[in-house]
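Coordinates in review
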Amino acid sequence: MKMVALIRANLGMDPKELDTESFAEAYCQAEWLERFRLRNQAEMIAAMFGGKKKG
């Protein structure tokens, strides 16, 4: 369920239409994008509240 939700939310694709290899590739891309967004969001929140930005 988590994999399907990440693919739909981050890539806008219907996972049911993907073969196994394409599904795995899409999941890796969606997972990377999710981590990228969350890291950026955490840095932004830290900057807003006076936290130090990691370089």
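Residues numbered from 1 in each chain as written. Predicted model: local features only at pLDDT ≥ 70, side-chain atom pairs only at ≥ 80, totals over all residues. Heavy atoms only, no water.

Describing the packing of aromatic side chains
Worth spelling out the cut-off: Stacked, edge-to-face and tilted labels apply to pairs of Phe, Tyr and Trp rings (six-membered ring for Trp) whose centres lie within 6.5 Å, assigned for plane angles under 30 degrees, over 60, and everything in between, in that order. Helix and strand assignments come from DSSP, with helices taken as H or I runs of at least 4 residues and strands as E runs of at least 2, each series counted from the N terminus.
Here the structure, examined in full by the defined rule, presents one aromatic pair. Note on Trp32 and Phe36: the rings are 5.2 Å apart at their centroids and 10 degrees apart in plane angle, and the pair reads as stacked. In this pair, Trp32 and Phe36 both sit in helix α2 (residues 20-48), four residues apart, roughly one turn of the helix.

A look at the environment of Asp19
We count it as follows: Relative accessibility under 20% of the residue-type maximum defines a buried residue, over 50% an exposed one, and the middle range a partly exposed one, all with a 1.4 Å probe and only protein chains included. Pairs of N or O atoms within 3.5 Å make up the polar contacts considered here, provided that, within protein, one atom can donate a hydrogen while the other can accept it, and that residues adjacent in sequence are counted only when both atoms are side-chain atoms.
Along the chain, Asp19 falls in the loop between α1 (2-11) and α2. On the basis of relative accessible area, Asp19 is assigned to the partly exposed category, the value being 49%. Polar side-chain contacts of Asp19 include one of 2.7 Å to the backbone nitrogen of Ser22.

A look at α2
Stated precisely, the cut-off is as follows: To estimate how far a helix should extend, the number of its residues minus one is multiplied by 1.5 Å. Two residues qualify as a contact provided that any one of their heavy atoms is within 4.5 Å of a heavy atom in the partner residue.
In this model, α2 (29 residues) spans 42 Å end to end at C-alpha, consistent with the 42 Å of a helix rising 1.5 Å per residue. Taken as a whole, α2 has its buried residues at Ala26, Ala30, Glu31 and Leu33. Looking at the buried positions of α2, the neighbouring elements they touch are α1. Of the residues flanking the start of α2, the one acting as N-cap is Asp19, its side-chain oxygen 3.3 Å from the backbone nitrogen of Glu21. With its phi angle positive at about 85 degrees, Gly50 sits one or two positions after the end of α2.

Side note on the environment of Gly50
Checked against the element boundaries, Gly50 lands in the segment after α2. For Gly50, a relative accessible area of 63% corresponds to the exposed category. Note: C-alpha distance between Gly50 and Ala24 (26 residues apart in sequence) is 39 Å.

Structural notes on the side chain of Asn10
Mapped onto the elements, Asn10 comes out in helix α1. A polar side-chain atom of Asn10 sits 3.1 Å from the main-chain carbonyl oxygen of Ala30. For Asn10, the side chain forms a polar contact with the side chain of Arg37, separated by 2.8 Å. If we skip the residues at most four places from it in the chain, Asn10 touches Ala30, Leu33, Glu34 and Arg37.

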